[in-house]
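Residue-level listing of the chains:
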Amino acid sequence: MTTRALAAMAAGVDLVPFEFDRREVGPGDVRIEITHSGVCHSDIHMVGGEWGDQQFPIVPGHEIVGRVAAVGSDVTEFAPGDLAGVGVYVDSCRECPNCLAGESNSCHQGMTGTYAVPDRRHGGYTQGGYASDIVVDHGYVVHVPESLDPAGAAPLLCAGITLFAPLSRFKAGPGKRVGIIGLGGLGHMGVKFAHAMGAEVTVISHSPGKEADAKKLGADHFLLSTDQEQMDAHRYGFDLLINTVSVPINVNSYLELLDFRGTLVMVGLAGEPYCFDAPVILNQGRSITGSMIGPVSQLQEMLNFSAEHGIHSEIEMITADYINTAYKRVIDSDVRYRFVIDASTI
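Here's what I pulled together on the structure shown here.

1. Description of the sheet that holds strand 14 (residues 258-266)
Picture the strands of a sheet paired through backbone hydrogen bonds; they go either parallel or antiparallel.
Part 1: Read from one edge of the open sheet, six strands run 12-11-10-13-14-15, paired in parallel fashion. The outermost strands of the open sheet, each flanked by one partner alone, are strand 12 (221-224) and strand 15 (287-290). Across the sheet, the axes of successive neighbouring strands diverge by a mean angle of 20 degrees, strand direction being ignored.
Part 2: Sheet topology places strand 13 (residues 238-243) next to strand 14; five bridges connect them, and they run parallel. By the bridge assignment, Leu-240 is partnered in strand 14 with Thr-263.
Part 3: Each of strand 10 (177-181), strand 13, strand 14 and strand 15 is contacted by helix 4 (residues 159-169), which is oriented at about 160 degrees to strand 13, the strand it contacts most.

Right, dumping it as structure tokens:
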């Protein structure tokens, strides 16, 4: 099948229209005609060659929503016409302890990313969702509830699960004091989910202009990280902090905000190592941990939760010919809070 797409033909160049052939639908496959594809900052890092050598061309995109067009003979969970989604990965080894335990996103052999990685079963390299369609094994496809707006749901497939997973893991809810560091594509989803879970939510940002948005999205409080008096006043003020920013931060100053046995979760990718002073975590038994998306089962749980609580990403819809401008605006933090491509324009 000939697929229309947007692709980077080399590192650091503009994306251009591109055509290639997807594989035929196999017995366990689902083919989705894509309607919407979210633009993730990791797409920009990847096509820019910032994360090491890559095999080009690359069709980015791992926030994918569309309608099922065809299913393989062994597929019973999906039918043509279903609204479906694909997230950050499309396969795993299926044999390691994590895969067998339902945690395939943490596959010991490495999950198969939705784009720009070797396809362990079909050969070649995976190509993503800035495209007219995609073929994926049914075990890595999720149902998108019909009550969700498909455009606003697309970023949930990456940004949404990235925040939902740690909030669920550390039981954000009534009585839990949660701080979301950064109010961007990731952070705004954290505010929405933590608020819906019943936690006391604070946005921690270096941008005073974000306070109104933070409160509108559901935050109870706003903490300006550049105001040391405010930071000092909130010492021991949080049980859970989630760092969503993609630039380096002074980890020590944020650790001091945590109360006894509080946890700082890293989900943003800064591109360089973090440093912290051991006494800052020893003193209160604090923890630093990481979280990366979630398994397919949790992706479905997150979408169902979003439908129940009316949660969507805040988006700006774009056409395919705007993609390179959109990339520049993401780099400049000039989007509130996620670009979504109308795939019919590809």
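2. Structural notes on the pairing of strand 3 (residues 29-38)
In regular strands, side chains alternate between the two faces of the sheet.
Part 1: Counting buried positions over the ten residues of strand 3 gives eight, a clear majority of the element.
Part 2: Alignment of strand 3 against strand 8 (residues 133-137), held across five bridges, turns out to be antiparallel. Looking at strand 8, one finds that Val-30 is bridged to Val-136.
Part 3: Sheet topology note: the strand 3/strand 4 (residues 64-71) ladder contains seven bridges and is antiparallel. The residue of strand 4 that forms the bridge with Ser-37 is Ile-64.
Part 4: When strand 3 meets strand 17 (residues 338-342), the two strands line up antiparallel, connected through three bridges. When the sheet's bridge partners are listed, Gly-38 is paired in strand 17 with Val-340.

How each quantity is defined
- Residues numbered from 1 in each chain as written.
- Predicted model: local features only at pLDDT ≥ 70, side-chain atom pairs only at ≥ 80, totals over all residues.
- Heavy atoms only, no water.
- Pairing = 2+ DSSP bridges.
- Helix = DSSP H or I, 4+ residues; strand = E, 2+ residues; numbered from the N terminus.
- Axes fitted to C-alpha atoms, helices over the stretch in contact; angles between N-to-C directions.
- Contact = heavy atoms within 4.5 Å.
- Buried < 20%, exposed > 50% of the residue type's maximum accessible area, 1.4 Å probe, protein only.

As far as function goes, none of this settles anything; it's purely spatial.
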